[in-house]
Amino acid sequence: MPTYILRRLLLSIPVLFGILFATFALARLIPGDPCRAMLGEKATKVVCDEFNHRHGLDKPIIVQFGVYVSEIAQGDFGTSFRYSKPITELLMERLPITVELSFAALLFSIIVGIPLGVISAVRHNTWVDVVTMMWANIGVSMPVFWLGLMLAYIFALTLKGTPFQLPPSGRLSAGLITIPFFEVWGLELTKGTFIYNISDFFSRMNIFNAVLTGNWEVFKDAAIHLILPAFALSTIPMALIARMTRSSMLEVLGQDYIRTARAKGLSQRAVILKHAFRNALLPLATVIGLSLGGLLGGAVLTETVFNLSGVGRILYDGITARDYGIVQGFTVVIAMFFVALNLIVDISYAYLDPRIRLN
Amino acid sequence: MTTETIPPVKLDASTLSLDSVSLWQITRRRLFRRKSSVVGMVILAILILIALTAQWIAPYSPTLSMLDAKPSQNVTKRSAPCIYALGCPTDQPQHIMGTDGNLRDEFSRMLYGARLSLMIGLSTVSFAIFIGTVLGALGGYFGGWIDNLIMRVMDVLLAFPSLLLAIAIVTVIGPGLINALLAIGIVSIPAYARVVRGSVLSVREMDYVSASRALGGNTYEILFKRILPNALTPLIVQGTLGIASAILDAAALSFLGLGAQPPTPEWGAMLGSERNQVFTAPHLVFYPGLAIMLTVLAFNLLGDGLRDALDPRLAHMS
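None of these values were measured; they are calculated from a predicted model.

Parameters and conventions
- Residues numbered from 1 in each chain as written.
- Chains lettered and ligands numbered in written order.
- Predicted model: local features only at pLDDT ≥ 70, side-chain atom pairs only at ≥ 80, totals over all residues.
- Heavy atoms only, no water.
- Core = buried A, V, L, I, M, F, W, Y, C linked by side-chain atoms within 4.5 Å.
- Buried < 20%, exposed > 50% of the residue type's maximum accessible area, 1.4 Å probe, protein only.
- Helix = DSSP H or I, 4+ residues; strand = E, 2+ residues; numbered from the N terminus.
- Contact = heavy atoms within 4.5 Å.
- Axes fitted to C-alpha atoms, helices over the stretch in contact; angles between N-to-C directions.
- Parallel < 35°, antiparallel > 145°, perpendicular 65-115°, else oblique.
- Left-handed = near helix turned anticlockwise from the far one by under 90°.
- Nonpolar A, V, L, I, M, F, W, Y, C, P; charged D, E, K, R; others polar.
- Disulfide = S-S within 2.5 Å.
- 1 Å grid on protein atoms, 1.4 Å probe; cavity = no way out; pocket = protein on both sides within 12 Å on 5 of 7 lines; lining within 4 Å.
- Points joined across faces, edges and corners; volume = space filled by probe spheres on them.

Trainee: Quick question: what am I supposed to make of the nonpolar core here?
Mentor: One broad rule of soluble globular proteins: the nonpolar side chains tend to lie buried together. Core analysis: the largest hydrophobic core is formed by 173 residues, its most contacted members being Phe145 and Phe330 of chain A together with Ile167 and Leu253 of chain B. Here the element with the most residues in this core is helix H13 (residues 268–306) of chain A; it accounts for 15 residues. Leave out the neighbours within four places in its chain, and isoleucine 167 of chain B touches Val300 and Ile319 of chain A together with Leu253, Leu256 and Leu258 of chain B.

Trainee: Honestly, the environment of histidine 225 of chain A in this entry has me stumped. Any pointers?
Mentor: All names here are of chain A. Residue position: histidine 225 is located in helix H11 (residues 216–253). Sequence-wise, histidine 225 and leucine 166 are 59 residues apart; in three dimensions their C-alpha atoms are separated by 7.1 Å. Once residues lying within four places of it in the same chain are set aside, the contact partners of histidine 225 are Pro167, Ser169, Gly170, Arg171, Leu172 and Ser173.

Trainee: Just to check I follow, could you spell out the packing of helix H6 (residues 127–140) of chain A against H11 of chain A for this structure?
Mentor: How two helices pack is summed up by the angle between their axes together with the distance between the axes. Residues and elements named next belong to chain A. Relative to each other, H6 and H11 sit at 140°, their axes nearing to 8 Å. With respect to H11, the axis of H6 lies oblique. For the pair H6 and H11, the crossing hand works out as left-handed. Facing H6, whose interface residues are Asp129, Met133, Ala136, Asn137, Gly139 and Val140, H11 presents Thr235, Ile236, Ala239, Leu240, Ala242, Arg243 and Arg246. When the residues that make up the contact of H6 with H11 are grouped by side-chain class, the tally is 7 nonpolar, 3 polar and 3 charged.

Trainee: Explain the state of the cysteines here, please?
Mentor: Each disulfide is one covalent bond, formed between the sulfur atoms of two cysteines. All names here are of chain B. Under the criterion given, the structure shown has 1 disulfide over all chains. The disulfide partner of cysteine 82 is cysteine 88, and the S-S distance across this bridge is 1.8 Å. With the S-S bond torsion at -90°, the cross-link from cysteine 82 to cysteine 88 turns out left-handed. There is no split in this pair, since cysteine 82 and cysteine 88 are both buried.

Trainee: Where do I start with the layout of surface pockets in this structure?
Mentor: Residues and elements named next belong to chain A. In this structure, the second largest pocket encloses a volume near 620 Å³. Forming the boundary of the second largest pocket are 24 residues, of which Val99, Glu100, Ser102, Phe103 and Ala104 lie nearest the centre. Broken down by secondary-structure element, the contributors of at least two residues to the lining of the second largest pocket are helix H5 (87–122), helix H10 (206–213), H11, H13 and helix H15 (324–352). Take the lining of the second largest pocket: its biggest share by element is 10 residues, from H5.

Here's what the structure looks like:
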């Protein structure tokens, strides 16, 4: 296992370099002067000269790439002129919102998608199967932004006044405030330290912070605000997971050892859950891992529709304001995050299936 | 005594050989047997029909803004759908899907949108298939450093979530429909390159290829006439499903304002420009989104059907 992990780690180094090169090249393709593209049209010559010198833009292109890589290695992903803040700081502020949303969406798609797929496979070719697969097909074809807007219309306007009314935007109702858990607990953390940054990051996830501080009013409000965006974002992964579970279950259910298990008189429940489902889980690891990339892309659309100030929303604002610093910085970070996710998926795959790591 | 005589069997081509059935006939038969792929084909046929006849069936020009309409004509911004057959008073102009924020007939724009959507899907996928096939074939056939280089570049492209990479590319090269298509095309190249490379690798060392080489076939002939036809079926499947995701991604880019620019009647852009009016004029959000979904659904159903029809190993799972 350690050799497998090491080999897999080494293989992702060229990809990481490729990502850095691609984003570096993209930034050089921006028409006009990189300084004004990064700092805005109003940047003066003095400011630009200083900027060019600091980022090595007055040096040969190879040296520029070297400077770029070393800056990233030190955790400097550039600056946003729109917010006049380092990208890293913006990320730490906004990422928790996206993580919370994506996590809720993923959880939802797993909780609903897997049972649907299993039922569909067990009741193969019955109406349950047909209806589920029809919905799964519609689910993968759904434009996330359209679904989001329609959900907002139905739950905020049509169902207004009923117990099913849900808020169409934002994270918390006006007037509610959330206090970071470390302040509630009376911890004295110094700003800027690693512990502070981590605690600050987690405290920005409203639901998580509400649980830690026992503030159930905020918990309920944050959860209600999360339902619609999480549901909209979860449709595509949910449909993919349901389809994958179904086909993987169908394949396993046709195996000899399932017939043996049935022949020795095991209950249907034991055959399906213990013998079939466990073996059908493997391909799901890949689908779930790949869905995470889709979730990050979908978050841009969902956060725009539901007005959530996460990574996706800030990326959208960056695009409309032509803030290349945000677009470049966020693209690098998200791609690196995605590579790390794929790595985790591959390693968990090897852990789940010994045949892979032994080959 | 009677002798039973067996009537002589007439020997001709029809009795001696089994009816030959080509792969395409089998595929067609399997495809039509599946209800979901029939649904996909029907939706697609309707869309193609609409796209081809948009200029004749659309009641108005898609970009015509009725700003100069007289007050007596009762034309209002973002008016709700008005259909005479459903009891809409005849003193109002008939707008089957209402009017949009710029006083244009939404129905006419929707019809022209079908043309654009199909073009978007076909053009991006053709572009990606062309480049992907060349890269995959080169890598698979020649192997070595060429293969390594091409595949590492593909790995990098795959390392980005596709929509985000497309967003980054369009932000840099500038918004617009053509640039958005280019970005989506680039992002989808790896899928085709991998399919082609896999097919090339699987047949490269086969006897018939060696035979062709021994007979003096040149590289071009071996690659294009002997090897690449093997990649055709997976490419068709991947391409059909690829059209679906290309349309979805293009709509998303247009929704974000990075794709088609006004007044182009593109569904994603139409939806995006009216999204803040969802509570007052939901029809302007509902129809374009529904159209996108149905188009994507049609290609997805057809793609799934083709995969099962072309790959008998998967037939039992459908």
